[in-house]
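Letter by letter, the chains look like this.
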Amino acid sequence: MNHSAEHSAEKIEGQEPLMSRRAFSQVLFTGVGMCYAAAIGYPVYQYLASPISRASEAVAVNQVSLPDANKLEKGSAMMFKFGAKPGILIHHADDTWVAMEAVCTHLACTVQYQAEQNRLFCACHGGVYDTRTGANVAGPPPKPLQAYKVTVEPTSVVVSKV
Ligand code: FES
């Protein structure tokens, strides 16, 4: 009897840590699972939510004023933000000004001004656009860049939707 009482006491003592280990593991796995879900869920949420916020920003912005952009040297360009999207302002050598959305119409990479080649170039797949009209002239882009209206003011350049 003594032996069996000791045995069952041992058993109980042996089981208790096992139970708490199990409980601990459950808590741990639940915690890890929640962190994992948050780690995956947050970027997914951001991904899903961002087109909505980007779209609302884009809708809200019809015009931007670029302080001191009127001092941009001839034959050069600068990038700017038009709402959530990048834009490019070009001051041509003949003193004409052009601005357009700098988002490639192929797969939405940002295009860049290349003065030497007098072109707007998309490095992603070699898309080429005309620097005056934004017309797609080479590579995979299916349509022209969206052009903006440019007004040169005494202390700024105002770019607006056409
Ligand atoms: S994204 Fe510009 S050429 Fe493909």
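First, a word on scope: everything that follows refers to the structure included in this document. For every chain, the first residue of the written sequence is number 1, and numbering continues from 1 along that sequence. Given that this is a predicted model, residues contribute local features only at a pLDDT of at least 70 and side-chain atom pairs are listed and counted only at 80 or more, while totals for whole chains, interfaces and linings are drawn from all residues.

Let's shift gears to the overall build of the chain. In terms of regular secondary structure, the chain is built from one helix and 10 strands. Where helices and strands are cited, they refer to DSSP runs of H or I of at least four residues and of E of at least two residues respectively, numbered from the N terminus. Starting at the N terminus and ending at the C terminus, the chain contains elements arranged as α-β-β-β-β-β-β-β-β-β-β. We call two residues in contact when their backbone-placed C-beta atoms lie within 7 Å. Residue pairs in contact within the chain that sit at least 24 positions apart in sequence constitute 37% of those at least 6 positions apart.

With that out of the way, let us pick up the sheet that holds strand β7 (residues 127–129). On the basis of which strands lie adjacent, the open sheet formed by four strands has the order β5-β6-β7-β8 and antiparallel pairing. In this open sheet, the two strands that pair with only one neighbour each are β5 (112–114) and β8 (136–138). The average undirected angle you get between the axes of adjacent strands in this sheet is 40°. We treat two strands as partners when DSSP finds at least two bridges between them. The pairing of strand β6 (residues 119–122) with β7 spans three bridges and is classified as antiparallel. Paired with Cys 122 across the strands is Gly 127, a residue of β7. Note on method: axes are straight lines fitted to C-alpha atoms, helices fitted across the in-contact stretch only, with angles between N-to-C directions ranging 0 to 180 degrees.

The antiparallel open sheet is built from six strands, whose spatial order is β1-β10-β9-β4-β3-β2. The strands lining the two open edges of the sheet, one partner per strand, are β1 (63–67) and β2 (76–82). For this sheet the average axis-to-axis angle between neighbouring strands, irrespective of direction, equals 25°. Here five bridges tie strand β9 (residues 147–152) to strand β10 (residues 156–161), and the two strands are oriented antiparallel to one another. Considered in β10, the bridge of Val 150 is made with Val 159.

This brings us to the pairing of β6. The side chains of a regular strand alternate between both faces of the sheet. Burial along β6 is one-sided: Leu 120 and Cys 122 are buried, and none of Arg 119 and Phe 121, which face the opposite way, are. As defined by bridge partners, β5 adjoins β6 across three bridges and the pair is classed as antiparallel. Within the sheet, the bridge partner assigned to Tyr 113 lies in β6 and is Leu 120. Hairpin connection, β5 to β6: the antiparallel pair is bridged by four residues, and Asn 118 has positive phi, about 45°. Once β6 ends, the chain turns through four residues before running back antiparallel as β7, passing Gly 126 with a positive phi of about 80°. Think of it as a crowd count around each C-beta: if 20 or more other C-beta atoms lie within 10 Å the residue is buried, if 12 or fewer it is exposed, and in between it is partly exposed, with C-beta placed from the backbone throughout.

A few words now on the environment of Gly 87. On the secondary structure map, Gly 87 appears in strand β3 (residues 85–91). Considered as a pair, Gly 87 and Val 159 are 72 residues apart in the sequence and their alpha carbons are 9.4 Å apart. Setting aside its immediate chain neighbours within four residues, Gly 87 contacts Phe 80, Lys 81, Phe 82, Ala 99, Met 100, Glu 101, Ala 102, Tyr 148 and Val 159.

That's the geometry; what it means functionally is another story.
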